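# Structural overview
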Amino acid sequence: MRLLVTGGAGFIGANYVQQVLAAHPDDSIVTLDLLTYAGNLANLESVLDDPRHRFVRGDIADRAAVAAAIGDGVDAIVNFAAESHVDRSIADAGAFLATNVLGTQVLLDAARAHGVGRFLQVSTDEVYGSLGPSGAFSEETPLAPNSPYAASKAAADLLVRAAHHTHGLPAFVTRCSNNYGPYQFPEKLIPLFVTNALADQPLPLYGDGRQVRDWIHVEDHCRGIDLVLREGRVGEVYNLGGGNERENIEIAGCILETLGKPRSLIRHVTDRLGHDRRYAIDARKIERELGWKPRRDFARGLRDTIEWYRAHRAWWEAVRSGAYLDYYEGMYGQRLRGAAGAEEDRT
Ligand code: NAD
Ligand code: TYD
């Protein structure tokens, strides 16, 4: 299969590109990525010299760039490209609409114009909104996105649905829970807390820290995406989840314990606006239809991930410089100074 993978220099996309090239010797991949703050060619280092892989820098919302990346034709498009961080979408939703919504439509149009045989949209459980203490999202759960990020992803899912319904585009949507693993940008919970702990810096825990996420190792997610692409039923949505519900405060404790750092590094800071309380996934459809199941044990997977960050200090130190420092100060500076004050008040 010839694939166009968009957003392949980001966390999940880079894991996917590496996994596909390893698992399918006859496949070739063009990676199209704008290399935003979250994109990093170092994530693709192991495949940059592979003759089956070609990297193209470009914007999925740029029709000419997409047409050039498709070139003589591809059999499938897998769209990972997105603005992906909830906190950034709360600060400014503009780029989320440009890439996640308009960019997806440009890709759908290009897929149709070039007769691309399969289109897979990589989506998220966040399109379903937030859960109470029980229950799980199924593919039938109504869409109720709460953050601008989630709303932009829901819009994209619906555009994919419309392209299939109206134009017969052979499309799939996958909706996955929170990923963890190597190459994740240190703005998301696990890599932020691991790298902060490694640098002996405080771990900014939002609110009471009792929010729940369902964690899945990125390898399991990528395997599920690939299975849907090759064997899924056209026009269908498939949920993927790890079956590992954990409170954020528990994750913070695990990371500190694994690294032998004190719990006093945890700082309760002002909560995220509109913070979703709990996500959980019912993945029975993909299990039943395609025989997919997550394989990675969470405790072991988290330890391996922490070890990866410990062993790749140069990777994250390079990432946590320049514009990242401005982002960090803007997102956490005031909150952490406020938390430090509160700690002092308590003592
Ligand atoms: P990421 O932020 O690490 O990577 C996104 C990549 O997209 C980056 O390489 C970036 O340069 C690229 N990109 C951004 N705008 C672009 C544009 N206009 N044109 C081309 N490339 C562009 O994100 P991620 O965590 O790897 O997520 C990948 C996809 O999976 C996203 O669509 C996200 O919504 C979805 N998803 C993520 C998670 C998660 O836990 N991280 C869970 C479920 C679904
Ligand atoms: P995140 O990794 O941003 O993923 P998402 O919001 O898409 O689920 O956050 C995961 C959880 O961790 C979420 O409940 C918010 C919380 N969180 C913190 O407590 N502190 C932080 O600094 C960050 C980034 C997240």
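Reading the values: rules and limits
Every chain is numbered independently, its residues counted from 1 as its sequence is written. For naming, the first written chain is A and the first written ligand is 1, with later ones following in the order written. Confidence filtering applies because this is a predicted model: local features only for residues at pLDDT of at least 70, side-chain atom pairs given and counted only at 80 or more, and all residues used for totals across whole chains, interfaces and linings. To obtain the side-chain values, all non-hydrogen atoms of the structure were included, while hydrogens and water were left out. For the purposes of this section, nonpolar cores are sets of buried Ala, Val, Leu, Ile, Met, Phe, Trp, Tyr and Cys residues that join through side-chain atoms within 4.5 Å. Exposure categories follow from relative accessible area, calculated using a 1.4 Å probe and restricted to protein chains: below 20% of the type maximum is buried, above 50% is exposed, and the middle band is partly exposed. Whether two residues are in contact is decided by their heavy atoms, any of which lying within 4.5 Å being enough. When at least one non-hydrogen atom of a residue lies within 4 Å of a molecule or strand, that residue is treated as near it. Two N or O atoms form a polar contact when they lie within 3.5 Å of each other; inside protein one atom must be a possible hydrogen donor and the other a possible acceptor, and for residues adjacent in sequence the pair counts only when both atoms belong to side chains. Each helix is a run of H or I in the DSSP string that is no shorter than four residues. Each strand is a run of E no shorter than two, and both are numbered from the N terminus. Residue classes follow a fixed rule: Ala, Val, Leu, Ile, Met, Phe, Trp, Tyr, Cys and Pro count as nonpolar, while Asp, Glu, Lys and Arg count as charged, and any other residue, Gly among them, counts as polar. Take the residue count of a helix, subtract one, and multiply by 1.5 Å to get its expected span. Bend, at a single residue, is the angle you get between axes fitted to the 7 residues ending at that residue and the 7 residues starting at it. Only strands that DSSP links by at least two bridges are regarded as paired with each other.

### Comments concerning the nonpolar core
The biggest cluster of nonpolar side chains holds 71 residues, and the ones touching the most others in it are Y16 and V78. The contacts of V78, once residues within four sequence positions are left out, are L3, L4, V5, T6, Y16, L120, V122, I225 and L229. By size, the runner-up hydrophobic cluster in this structure holds 31 residues, among which are L32, V56, V116 and A154.

### Topic: the site of ligand 1
As a structural note, the neighbourhood of ligand 1 is formed by 28 residues, with I12, D33, S84, Y149 and K153 the closest of them. The backbone of F11 places a nitrogen or oxygen atom 3.1 Å from an oxygen atom of ligand 1. Elements that contribute at least two residues to the shell around ligand 1 include exactly α1 (11-23), β5 (118-124), α5 (148-167) and β7 (178-180). Sorting elements by how many residues they give to the shell around ligand 1 places β5 first, with three residues. Residue classes in the shell around ligand 1 are distributed as 13 nonpolar, 12 polar and three charged.

### Quick word on helix α4 (residues 94-113)
Under the 1.5 Å per step criterion, the end-to-end length of α4 is 27 Å for 20 residues, consistent within 8% with the ideal 28 Å. At G103, α4 shows its maximal bend, which comes to roughly 30 degrees. Buried within α4 are the following residues: F96, T99, N100, V101, G103, T104, V106, L107, L108, A110 and A111. Just downstream of α4, G115 is the residue with a positive phi angle, here 60 degrees.

### Quick notes on the pairing of strand β8 (residues 203-206)
Burial along β8 is two-sided: L203 and L205 and P204 and Y206, pointing in opposite directions, are all buried. Relative to strand β12 (residues 266-269), β8 runs parallel, the two sharing four bridges. For L203, the partnering residue across the bridge sits in β12 and is I266.

### Focus on the side chain of N239
The residue N239 is located in strand β10 (residues 237-240) in this model. From its side chain, N239 meets the backbone oxygen of F137 in a polar contact 3.1 Å long. Each residue touching N239, except ones within four places of it in the same chain, is listed here: Y128, F137, S138, E139, R175, I281, D282, A283 and I286.

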